[in-house]
Amino acid sequence: MSKITITHQRNKCIGCNYCVEFAPDRWVMSKRDGKATLVGGVNKKGFYTTKISPIELDENVKAAEACPVKIIKVKEF
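Residues numbered from 1 in each chain as written. Predicted model: local features only at pLDDT ≥ 70, side-chain atom pairs only at ≥ 80, totals over all residues. Heavy atoms only, no water.

### Things to note about the overall build of the protein
Phase 1 of the analysis: Counting its regular elements, the protein contains two helices and six strands.
Phase 2 of the analysis: Listed N to C, the secondary structure of the protein is β-α-β-β-β-β-α-β in terms of helices and strands.
Phase 3 of the analysis: A globule of 77 residues ought to have a C-alpha radius of gyration of about 11 Å, and the protein, at 11 Å, matches this closely.
Phase 4 of the analysis: Taken along the three principal axes of its C-alpha coordinates, the protein extends 35 × 25 × 20 Å.
Phase 5 of the analysis: Each of the 77 residues in the protein was classed as buried or not, and the buried ones make up 32%.
Phase 6 of the analysis: Expressed as a percentage of contacts within the protein between residues at least 6 apart in sequence, the contacts between residues at least 24 apart total 60%. (Helix = DSSP H or I, 4+ residues; strand = E, 2+ residues; numbered from the N terminus. Rg over C-alpha atoms; globule rule 2.2 N^0.38 Å. Buried < 20%, exposed > 50% of the residue type's maximum accessible area, 1.4 Å probe, protein only. Contact = heavy atoms within 4.5 Å.)

Structure representation (structure tokens):
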């Protein structure tokens, strides 16, 4: 079974909400600063990372592709 990770460079987020629209189970908009938050993401030097199940792959790939500032990466190992 493959491992899938999402990495999000949150400080560069412009708050467009596309990731939430495509993958609402994994993304939420912060009421505090208006930026997207990766649900379950662990911060390491400004990069938030989490592992996801294959069931979530397609919607998160679409979220990454829709991101206008290209700060979401989905990698399959």
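### Focus on the nonpolar core
Phase 1 of the analysis: If you look at the biggest cluster of nonpolar residues, it comprises 16 residues, and the most contacted ones within it are Ile6, Cys19, Trp27, Ala36 and Ile72.
Phase 2 of the analysis: Within the residue set of this core, elements represented by two or more residues are strand E1 (4-9), helix H1 (18-22), strand E3 (36-38) and helix H2 (57-66).
Phase 3 of the analysis: Setting aside residues no more than four positions away along its own chain, Ala36 makes contact with His8, Arg10, Cys13, Cys19, Trp27, Val28 and Met29. (Core = buried A, V, L, I, M, F, W, Y, C linked by side-chain atoms within 4.5 Å.)

### What to know about empty space enclosed by the protein
Phase 1 of the analysis: Throughout the structure, instances matching the rule amount to one cavity of 30 Å³ or more.
Phase 2 of the analysis: Considering only enclosed or pocket space, the largest cavity measures out at about 100 Å³ in volume.
Phase 3 of the analysis: Lining of the largest cavity is provided by 16 residues; of these, Cys13, Cys16, Cys19, Ala36 and Cys67 occupy positions nearest its centre.
Phase 4 of the analysis: Residue composition of the lining of the largest cavity, grouped by class: 13 nonpolar, three polar and no charged. (1 Å grid on protein atoms, 1.4 Å probe; cavity = no way out; pocket = protein on both sides within 12 Å on 5 of 7 lines; lining within 4 Å. Points joined across faces, edges and corners; volume = space filled by probe spheres on them. Nonpolar A, V, L, I, M, F, W, Y, C, P; charged D, E, K, R; others polar.)

### As for the pattern of salt bridges
Phase 1 of the analysis: Counted by the stated rule, this structure contains two salt bridges.
Phase 2 of the analysis: In this structure, the salt-bridge partner of Arg26 is Glu56, at a minimum N-O distance of 2.9 Å. Here the residue Arg26 occupies a position in the loop between H1 and strand E2 (27-29), and Glu56 occupies one in the loop between strand E5 (47-52) and H2, the gap between them amounting to 30 residues. The burial state of Arg26 is the same as that of Glu56; both residues are buried. (Salt bridge = Lys/Arg side-chain N within 4 Å of Asp/Glu carboxyl O.)

### Points about the sheet that holds E5
Phase 1 of the analysis: Sheet architecture is open: four strands sit in the order E4-E5-E1-E6, paired in antiparallel fashion. The sheet is open, and its two borders are formed by strand E4 (42-44) and strand E6 (72-76), each paired with just one other strand. If you compare each strand with its neighbour and ignore which way they point, the axes differ by 25 degrees on average.
Phase 2 of the analysis: Of the pairings in the sheet, the one linking E4 to E5 comprises three bridges and is antiparallel in character. Within the sheet, the bridge partner assigned to Lys44 lies in E5 and is Phe47.
Phase 3 of the analysis: Docked against the sheet, H2 engages E1, E5 and E6, running at close to 145 degrees with respect to E6. (Pairing = 2+ DSSP bridges. Axes fitted to C-alpha atoms, helices over the stretch in contact; angles between N-to-C directions.)

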